[in-house]
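Residue-level structure breakdown
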Amino acid sequence: MTDVQNTVVPTSDFAAFMGMIGMVAAMGFSSLGSAYGMAKSGVAVTSIGIMHPDKLMKSLIPVIMAGMIGIYGLLIGIILVTTKVTANNYSNFQGIAGFAGGLACGLSGLAAGIAIGIVGDAGVRAHAVQIKVFTPMIVILVFAEALGIFGLIIGIIAVSVQGPTSN
């Protein structure tokens, strides 16, 4: 009898390709969302810095939150490249799961970045006029950031699945 757990199965090109495309999707889409969110809300921050310098530090919160979205894609990318996609024992199932996890994290990061950018831009400008807008803006930003966190969680679960080991 052979022990199935200790059998070395070479990783197929398809499985490695899908795992690496998952890394690209996670990094690419979450970076796009992060960049959009930082750029969109950053424009409002610079205009607030000119008109109301006393409110500048509070206005940086949307930019910081948008920047965190890119980190979520980086985490999935690091998990895939350093621990999952290997020369041996990485099945087609795991490759597809890596792609799905990267895509889930990346697309949710893109959506979160767009939401943070739009809310951050409008919220920072509204905060310059009415100080009572700050707390509702933060609540909306937290829910937008949660979209990215949900994608990160699903991405980690998907890339960590073992599945069948045979190709």
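A few points on the structure. In this text the structure is predicted, and so the values were computed from the model without any measurement.

Parameters at a glance
Residues numbered from 1 in each chain as written. Predicted model: local features only at pLDDT ≥ 70, side-chain atom pairs only at ≥ 80, totals over all residues. Heavy atoms only, no water. Helix = DSSP H or I, 4+ residues; strand = E, 2+ residues; numbered from the N terminus. Buried < 20%, exposed > 50% of the residue type's maximum accessible area, 1.4 Å probe, protein only. Contact = heavy atoms within 4.5 Å. Polar contact = N/O pair within 3.5 Å; in protein donor to acceptor, adjacent residues only side chain to side chain. Core = buried A, V, L, I, M, F, W, Y, C linked by side-chain atoms within 4.5 Å. Expected span 1.5 Å × (residues − 1).

Our next topic: unusual backbone geometry. The phi dihedral of N89 is positive, around 60°, even though this residue is not glycine. Checked against the element boundaries, N89 lands in the loop between α3 (61-84) and α4 (92-129).

Another point: the environment of D121. In this structure, D121 sits in helix α4. The exposure class assigned to D121 is buried, which follows from its relative accessible area of 14%. Residues D121 and I157, spaced 36 residues apart in sequence, show a C-alpha to C-alpha distance of 33 Å. Among residues more than four places away in sequence, those in contact with D121 are K40, S41, A44 and I116. In this structure the side chain of D121 is engaged in a polar contact, spanning 2.7 Å, whose partner is the side chain of R125.

With that settled, the discussion passes to the environment of L107. Tracing the chain through its elements places L107 in helix α4. You can call L107 partly exposed: its relative accessible area is 41%. Taking C-alpha positions, L107 is 8.5 Å from G148, a pair spaced 41 residues apart along the chain.

All right, on to the nonpolar core then. Counting residues in each nonpolar core, the largest one holds 23 residues, and the members touching the most others are I76 and I116. Mapped onto this core, the elements with two or more residues apiece are α1 (13-51), α3, α4 and α5 (134-160). In contact with I116, not counting residues within four places along its chain, are P62, M65, A66, I69, D121, L141, A144 and E145.

Glancing now at α3. In this model α3 runs 34 Å from its N-terminal to its C-terminal C-alpha over 24 residues, within 8% of the 34 Å that 1.5 Å per residue would give. Listed in full, the buried residues belonging to α3 are P62, V63, M65, A66, I69, G70, Y72, G73, I76, G77, L80 and K84. On its buried side, α3 packs onto α1, α2 (56-59), α4 and α5.

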